[in-house]
Amino acid sequence: MNEIKKIPVILDGDPGHDDAIAWVLAAADPRLDIKAITTVAGNQTMAKVTYNARRIAALLKIDAPVAKGRDIPLISELMVAPQYHGESGLDGPGLPEPAQDLCPLSAVELMAKVLRESEEKVIIIATGPQTNVATLLLAHPELKEKIALISTMGGGLRNGNWTSSAEFNILVDPEAAYIEYHAGVPLMMCGLDVTEKAMIFPEEWEKIRVLGNPVAKTVAEWLDFFFIHLKQLGWEGATLHDPCSVLAITHPEIFKIIDVYVEIELGGEYTRGATIADWNHRSGKEPNCRAVVDIDREKFVELLIEMISRFGGEQA
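Residues numbered from 1 in each chain as written. Predicted model: local features only at pLDDT ≥ 70, side-chain atom pairs only at ≥ 80, totals over all residues. Heavy atoms only, no water.

**Q** Run through the environment of Pro65, naming residues and quoting values.
**A** Here Pro65 shows up in the loop between helix 2 (46-60) and strand 3 (66-68). When the C-alpha atoms of Pro65 and Lys35 are compared, they prove to be 7.4 Å apart, with 30 residues separating the residues in sequence. (Helix = DSSP H or I, 4+ residues; strand = E, 2+ residues; numbered from the N terminus.)

Listed below in structure tokens is the structure:
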């Protein structure tokens, strides 16, 4: 039997309930080799998201090093989202305590080390503000060629969610996103165009709860908490933004993906952080990203349940 050739990946995020579920999917896929976890301030402060990341790694038995990034964005003051994720940044079920010490390297130093030492090109899955990625690109331009793809959750080509124009991850650090989108590296954008369609309904995550393994139970309880605020906003289910950035790599067949040039608005009073698509090719610029714009929601949910069943217990 031929051995599966694994893809080296770095998980960079601010967990966060949907970040955590994205990492569950990454850990469940035997084709992905998680080389490092790096944390970025966003959904909560750096201390809180780093503690969360280490506990998620313990739950999923990921033995890759975990390193923390900057405490603040490149220029902006930090915004956090406790109304969605709670005061801890990952309220809801109890989690195991961290199983390993925090890596002594900074997030950017660890990312650079993984890129430098990898024989294969590396995919960076960035599900928070792009502060670490942008700093990496500025500090180590010589390592750009070692990046196979940066798969991001952020932005929205048609609308925002934190303001009418801007999505949260981009608005937290738009300068970082600007650097990333102008770096000339392969980039995939999973914005609100697709992630607000990547919804799971309460009756569907009950199928996760009954799988009978600790990861499934935890995911179901994460969804219970995450849905509290979403329901107050009028959503009928939980929008799973960050898992799209993993599944768009591993299961692109369930998505619609287009090539487009995207600009990041930095200065607008009402539009700062907007991700603006050149729909009509008026700029004359070549596409700088692959934008994921649609999803087969039913297959998305089927995949989610099947992949979580891989952690043991009853089969989906």
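**Q** Residue-level account of the pattern of salt bridges, with values.
**A** Counted under the stated rule, the structure contains 14 salt bridges. For Lys35, the salt bridge goes to Asp33, with nearest N and O atoms at 3.1 Å. For Lys35, a relative accessible area of 37% gives the class partly exposed. Here the salt bridges do not stand alone but share partners, grouping Glu204, Arg297 and Glu298 into one network. (Salt bridge = Lys/Arg side-chain N within 4 Å of Asp/Glu carboxyl O. Buried < 20%, exposed > 50% of the residue type's maximum accessible area, 1.4 Å probe, protein only.)

**Q** I'd love a proper account of helix 10 (residues 214-232), names of residues and values included.
**A** In a regular helix each residue adds 1.5 Å, so 19 residues correspond to 27 Å; helix 10 covers 28 Å between its end C-alpha atoms and thus fits that length. Along helix 10, the helix axis deviates most sharply at Phe226, where the bend reaches about 30°. Among the residues of helix 10, Val215, Ala216, Thr218, Val219, Ala220, Trp222, Leu223, Phe226, Phe227, His229 and Leu230 are the ones counted as buried. Here helix 10 starts with a cap whose side-chain oxygen sits 3.0 Å from the backbone nitrogen of Val215, and that cap is Asn213. Positive phi shows up at Gly234, right after helix 10, with a value of about 105°. (Expected span 1.5 Å × (residues − 1). Bend = angle between axes of the 7 residues up to and from the residue. Polar contact = N/O pair within 3.5 Å; in protein donor to acceptor, adjacent residues only side chain to side chain.)

**Q** Account for the packing of aromatic side chains, with residues named and values stated.
**A** Evaluation of the coordinates by the stated rule reveals 3 aromatic pairs. On the numbers, 5.4 Å between centres and 75° between planes, the contact of Trp205 with Phe227 is edge-to-face. Here Phe227 lies in helix 10 and Trp205 lies in helix 9 (residues 202-209), a separation of 22 residues in the sequence. Judged by relative accessible area, Trp205 falls into the buried class, the value being 2%. Judged by relative accessible area, which is 11%, Phe227 ranks as buried. The structure contains a cluster of three or more aromatic residues connected by ring pairs, namely Tyr84, Trp162 and Phe168. (Phe/Tyr/Trp six-rings, centres within 6.5 Å; stacked < 30°, edge-to-face > 60°.)

**Q** Help me get a handle on the sheet that holds strand 6 (residues 187-190), residues and values and all.
**A** Spatially, the 8 strands line up as an open sheet ordered 3-2-1-4-5-6-12-9, and their pairing is mixed. Pairing within the sheet leaves two strands with one partner each, and these edge strands are strand 3 and strand 9 (255-260). Strand-to-strand twist of the sheet, defined as the mean angle between neighbouring strand axes without regard to direction, takes the value 25°. With 6 bridges connecting them, strand 9 and strand 12 (residues 289-295) associate as antiparallel partners. Bridged to Phe255 within strand 12 is Ile295. (Pairing = 2+ DSSP bridges. Axes fitted to C-alpha atoms, helices over the stretch in contact; angles between N-to-C directions.)

**Q** Explain the pairing of strand 12 residue by residue, including any values.
**A** The buried fraction of strand 12 is high, at 5 of 7 residues. Judged from the 3 bridges that link them, strand 6 and strand 12 form a sheet pairing that is parallel. Counterpart to Met188 in the pairing with strand 12 is Arg290.

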